[in-house]
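# Observations on the three-dimensional arrangement
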Amino acid sequence: MVASGRASIFGVTRGRWDSATRWWFAALVCVAVGILLPMLWRHSLVDLKVYRLGGSALLDDPSTLYSARMEGSGLPFTYPPFAGLVMVPVSLVPWSLVAALWTAASLISLALVWRLSLRYAGSRLHVAAFVAVVAGSLVLEPVRETLGFGQINLMLCALIMYDLLDVKHPRRGIWLGIAAGIKLTPLVFLGLLFVTRQWRALIHASAAFAGTVLLGFLLAPEAATEYWTSLVSDTTRIGGLAFSSNQSWNAFLIRLSGDLNGGGRLWQGLVLVSVLAGLWLARALWMRGDRLAGLSVCGLIGLLCSPVSWSHHWVWAIPLGVSLLTSTPLRRKVPLTVAWFGLFALAPIWWPPNHEDRELTWSFGEQFTGNGYLIAAIVAVLLLALGLRSRAPLAPSDHPRAPAVLDT
């Protein structure tokens, strides 16, 4: 985590950690997480079962893609028709095998998210330290919820970071468009490409997304028509908007006002301000060379402005947390690291009463803990904005910033 005796962003010096100590520490973290995670892991991969439902429905009768219900829970498939096509192979593989492969793919994606975050933040970890960091991040609530539900969030986060952070590869944007065809929330990154005038990548992403929509109409015309004309704006199919897991402006206003119909015009105003201010900050960070921070802020815009942003969508807390360590004016990075990742490990959003709309009765103090992710997001944005004023512009480059501190 250091070079030439200097402290790294994680505040550990070479003199304190030799290679053997690092590996022993990594092993200890893995064992601790292996003991702790089963106590926190739940949900029985229910969303992966819904994905299989979508793939099976598309194979059996495409017109039933959105009317089919999962046996027992009655949950429907809620993603675009193209996502059903992606899930066809998932529906054909035996459950035990697909559960193992899906979880493995999520873990690989988690490691890739960390690798890309550190690389584009200009930092490098010893391999043992990297193993410890990845293993330790399994206890972060968005990560463990993604794994417990069998969600696709980590895969999409890694795919978008891989596609957009390297500005040199000629087909940038295609994977972003495909990701948006699977789950609409990645469309927010088209805004980043637009404000930073990355026209080729924007065209690639838009064309790829349009291709997924067209393919959906070709394979399941009835389902596609139903989705794009009515279901795309129907939040009632997703779950209770007041639920504490929903960490968005809309949910915040619902819990604050007690109005289950949504935030209304106030929410729309917050969305407009968040989009304009967020894209301005994302553009400023990107253009000065902080591409990781710019991309993370754009992901944050999507989380705040979506009507529903379940806590497992907040896997963008990882690249955003790394950005806070490298793109803010604070000198003491360790307390910031502990506070940021500690928040997402402790998950105070679950501390107040929840389920069955008990969130509508929260006290003033419970609003602070129950909306913890939103409050953390506001603090992160303010710190990144302050960092713009306190640091000299970086030299433009087609490569990630050269690591200022290395650990070999």
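Every residue gets a number counted from 1 within its own chain, in the order that chain's sequence is written. Given that the model is predicted, a residue must reach a pLDDT of at least 70 before its local features are reported, and side-chain atom pairs must reach 80 or more before they are shown or counted; all residues, however, enter totals for whole chains, interfaces and linings. Processing note: side-chain calculations cover all non-hydrogen atoms of the structure and skip hydrogens and water entirely.

The subject of this paragraph is the overall build of the protein. In terms of helices and strands, the protein carries 19 helices and zero strands. Each radius of gyration is computed over the set of C-alpha atoms, and the globule rule expresses the reference value as 2.2 Å times the number of residues to the power 0.38. Over its C-alpha trace the protein gives a radius of gyration of 21 Å, about what one expects of a compact globule, namely 22 Å for 408 residues. Each principal axis of the C-alpha atoms in the protein carries an extent, and together these give about 65 × 50 × 45 Å. Relative accessible area decides the class of each residue, using a 1.4 Å probe on protein chains only: under 20% of the type maximum gives buried, over 50% gives exposed, and in between gives partly exposed. Within the protein, the fraction of its 408 residues that count as buried is 52%. Considering only intrachain contacts with a sequence separation of at least 6, the fraction spanning at least 24 residues in the protein is 73%. Working definition of accessibility: Shrake-Rupley area with a 1.4 Å probe, residue cover restricted to the visible protein chains. Roughly 18400 Å² of accessible area belongs to the protein as shown, and the carbon and sulfur atoms make up 67% of that amount. In summary, the charge assignment counts Lys and Arg as positive and Asp and Glu as negative, without counting His or the chain termini. By convention, the charge on Lys lies at NZ, on Arg at CZ, on Asp at CG and on Glu at CD. Of the charged side chains in the protein, 31 are positive and 20 negative; the average position of the first set lies 17 Å away from that of the second. Per the convention used, a helix needs a DSSP run of H or I reaching at least four residues, while a strand needs a run of E reaching at least two, with both numbered from the N terminus. Any two residues having at least one pair of non-hydrogen atoms within 4.5 Å are treated as being in contact.

Another aspect to go through is the packing of aromatic side chains. Between the rings of Phe, Tyr and Trp (Trp by its six-membered ring), a pair exists once the centres lie within 6.5 Å; its type follows the angle of the planes, with under 30 degrees stacked, over 60 edge-to-face, and the other angles tilted. Going through the model one piece at a time under the given rule, you end up with 18 aromatic pairs. A centroid spacing of 6.3 Å and a plane angle of 80° characterise the contact between Phe209 and Trp228, whose relative ring orientation is edge-to-face. A residue pair is termed long-range when its members are at least 10 positions apart, and Phe209 in helix H11 (residues 199-219) and Trp228 in helix H12 (residues 221-229) qualify at 19 residues. By relative accessible area, which is 16% here, Phe209 ends up buried. The class of Trp228 is partly exposed, set by a relative accessible area of 26%. Seen from their ring centres, Tyr227 and Trp228 are 4.9 Å apart, and the 90° between their planes marks the pair as edge-to-face. Put simply, the rings of Tyr51, Tyr66, Phe77, Tyr79, Trp102, Phe209, Tyr227 and Trp228 touch in pairs and so form one group of aromatic residues.

Take helix H14 (residues 264-287) next. Take the residue count of a helix, subtract one, and multiply by 1.5 Å to get its expected span. Along its 24 residues, H14 runs 34 Å from first to last C-alpha, staying within 8% of the 34 Å computed at 1.5 Å per residue. Taken together, the buried positions of H14 are occupied by Trp267, Val271, Ser274, Gly278, Leu279, Leu281, Ala282, Leu285 and Trp286. Of the residues one or two after H14, Gly289 is the one with positive phi, at around 105°.

Moving on, we come to empty space enclosed by the protein. Every definition here rests on a 1 Å grid over the protein atoms only: cavities are sets of points where a 1.4 Å probe fits but cannot get out, pockets are open sets enclosed by protein on both sides within 12 Å along at least five of seven lines, and lining residues have some atom within 4 Å of a point. Grid points are joined across faces, edges and corners, and a volume is the space filled by probe spheres set on the points. As enumerated under the stated definition, the model contains four cavities of 30 Å³ or more in all. Taken as a whole, the largest cavity encloses approximately 200 Å³ of empty space. The wall of the largest cavity is formed by 17 residues, among which Thr185, Pro186, Leu303, His313 and Trp316 lie closest to the centre. Those elements giving two or more residues to the lining of the largest cavity turn out to be helix H8 (153-165), helix H10 (188-195) and helix H15 (291-305). Polar here means any residue other than Ala, Val, Leu, Ile, Met, Phe, Trp, Tyr, Cys and Pro, which are nonpolar, and Asp, Glu, Lys and Arg, which are charged; Gly is therefore polar. The residue inventory of the lining of the largest cavity, partitioned by class, reads nine nonpolar, seven polar and one charged.

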